[in-house]
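Here are the chains, one letter per residue:
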Amino acid sequence: MVPGAIIYDLKIADDASPDRSERTAYTLGYHIQAAAYTRALAALHPRLGGRIDFRFLFVEPRRPYAHYDPRTDGAFRQLGEMQWLRAVHAWGRGLATAEWPGYRTEATA
């Protein structure tokens, strides 16, 4: 049996409390990052597919150097995967059609 892999992502945070860390993770799209990094590693090393864990480590840079290592749950991973795949498909459509979605420039009523 081939062992799995763990991707660690260190995040320096002024406030590494669980509530703040989890809110920051969603606000800054860390769930999408986790999906992208996990898929990239699986593409580079197919034998790891399905056995890659992604972990964030939020650490405060000042004493007492508080830290938080959240366990990303299924909803976090599922949302990240869904949004990552949507972005990949949009990129593929843009490459195929040379039409890229953007911000609307006309006013809407």
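This text follows the structure it describes.
Worth saying up front: this structure is predicted, and the values here are computed from it rather than measured.

## Re a nonpolar patch on the surface
Line of reasoning, step 1. Taken together, Trp-91, Leu-95 and Trp-100 make up a surface patch of nonpolar side chains, about 400 Å² in accessible area.
Line of reasoning, step 2. Tracing the chain through its elements places Leu-95 in helix H3 (residues 74–97).
Line of reasoning, step 3. Look at Leu-95 and you get exposed, because its relative accessible area is 57%.

## Notes on the pattern of salt bridges
Proximity of charged atoms lets side chains of opposite charge pair with each other.
Line of reasoning, step 1. Across all of its chains, the model carries six salt bridges by this definition.
Line of reasoning, step 2. Between Asp-15 and Arg-20 there is a salt bridge, and its shortest N-O distance comes to 3.8 Å.
Line of reasoning, step 3. For Asp-15, a relative accessible area of 29% gives the class partly exposed.
Line of reasoning, step 4. With its nearest N and O atoms 2.4 Å apart, the salt bridge here joins Glu-81 to Arg-39. Taken together, the residues span a long stretch of sequence, with Glu-81 in helix H3 and Arg-39 in helix H2 (residues 30–44) at a distance of 42 residues.
Line of reasoning, step 5. Residue classification places Glu-81 among the partly exposed residues on the basis of a relative accessible area of 24%.
Line of reasoning, step 6. Shared partners join several salt bridges into a network, and the residues in it are Asp-53, Arg-55 and Arg-77.

Calculation rules
- Residues numbered from 1 in each chain as written.
- Predicted model: local features only at pLDDT ≥ 70, side-chain atom pairs only at ≥ 80, totals over all residues.
- Heavy atoms only, no water.
- Patch = residues over 30% accessible without salt bridge, like charges linked within 9 Å, V, L, I, M, F, W, Y side chains within 5 Å.
- Areas by Shrake-Rupley, 256 points an atom, 1.4 Å probe, with all protein chains shown as cover.
- Salt bridge = Lys/Arg side-chain N within 4 Å of Asp/Glu carboxyl O.
- Helix = DSSP H or I, 4+ residues; strand = E, 2+ residues; numbered from the N terminus.
- Buried < 20%, exposed > 50% of the residue type's maximum accessible area, 1.4 Å probe, protein only.

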